Amino acid sequence: NKIYGIYAGTGSSVSVGGDLTMNNNGAWGLTNGDKGGSFVDNYAAGLYANGGTISVDGEVDLLTNGNGVLSYGTNQGNANVNIGGGSITVNKESSVGYYSLLAYQGSKINFNYDEEAAAAGSNDVVLNGNMGVLLEEYATSKDTIINLGLNTKDSVWTGVLHNNYTDGKGQA
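**Comments concerning the layout of surface pockets**
The space that makes up the largest pocket amounts to roughly 200 Å³. Lining the largest pocket, in full, are Thr 89, Val 90, Asn 91, Lys 92, Ser 94, Gly 97, Tyr 98, Asn 128, Gly 129, Asn 130, Thr 158 and Gly 159. Tallied by class, residues from the lining of the largest pocket come to two nonpolar, nine polar and one charged.

Shown next as structure tokens:
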């Protein structure tokens, strides 16, 4: 029972030229009923780049009973997600343990961050949920990065960072 709001597989790209909302008037905009599997964190995600690229030029409003953003590098290609800012809230009561931003081996998430300028963007950011920069057991270590711009007075992140890299290639 996997569910994704937007999915980009290896070599593909999805671009949203404005704002993106997955919020059902205060109810979960995306949910799989809190079900998972042996690799539970990929069972539900608002945005899932699985070796592909997802770009949202505007701001997001994601209220998910699943991961907000999941970026997963594959052996065939790296994954990238670029978002202009906005709000992500994940279900903190979930038995699965979802993340607001989750980057796996060889992937990158830029949230309110201009990579070319190497600087934070100017939009507000509200993240309610943990962030993860993770490497699967027995996988080859690749650079995995979350760039997060919290540069406005109304920007806030509530959660913890989980980084299981031991060789410095996982960065947030």
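**Quick look at the nonpolar core**
Core analysis: the largest hydrophobic core is formed by 32 residues, its most contacted members being Leu 47, Val 69, Ile 88 and Leu 101. Excluding residues that lie within four positions of it along the chain, Leu 101 makes contacts with Val 69, Ile 88, Ile 109, Phe 111, Leu 127, Asn 130, Met 131, Gly 132, Ile 146 and Leu 148. Counting eight residues, the second largest nonpolar core, distinct from the first, contains Ala 45, Tyr 72, Tyr 104 and Leu 134.

**A few points about the packing of aromatic side chains**
In this description, a pair of aromatic rings is defined by centroid distance and the angle of the planes. Taken as a whole, this structure holds four aromatic pairs when the rule is applied. Look at Tyr 7 and Tyr 48: their rings are 5.4 Å apart centre to centre, the planes differ by 80°, and that puts the pair in the edge-to-face class. Taken together, the residues Tyr 7 in strand β1 (residues 3-9) and Tyr 48 in strand β6 (residues 44-50) connect sequence positions 41 residues apart. With relative accessibility at 4%, the residue Tyr 48 sits in the buried group. An aromatic cluster is present here, built from Tyr 4, Tyr 7 and Tyr 48 joined pairwise through their rings. Sitting over the ring of Tyr 43, Lys 2 keeps its end group 5.2 Å from the ring centre.

Analysis parameters
- Residues numbered from 1 in each chain as written.
- Predicted model: local features only at pLDDT ≥ 70, side-chain atom pairs only at ≥ 80, totals over all residues.
- Heavy atoms only, no water.
- 1 Å grid on protein atoms, 1.4 Å probe; cavity = no way out; pocket = protein on both sides within 12 Å on 5 of 7 lines; lining within 4 Å.
- Points joined across faces, edges and corners; volume = space filled by probe spheres on them.
- Nonpolar A, V, L, I, M, F, W, Y, C, P; charged D, E, K, R; others polar.
- Core = buried A, V, L, I, M, F, W, Y, C linked by side-chain atoms within 4.5 Å.
- Buried < 20%, exposed > 50% of the residue type's maximum accessible area, 1.4 Å probe, protein only.
- Contact = heavy atoms within 4.5 Å.
- Phe/Tyr/Trp six-rings, centres within 6.5 Å; stacked < 30°, edge-to-face > 60°.
- Helix = DSSP H or I, 4+ residues; strand = E, 2+ residues; numbered from the N terminus.
- Lys NZ or Arg CZ within 6 Å of the ring centre and 35° of its normal.

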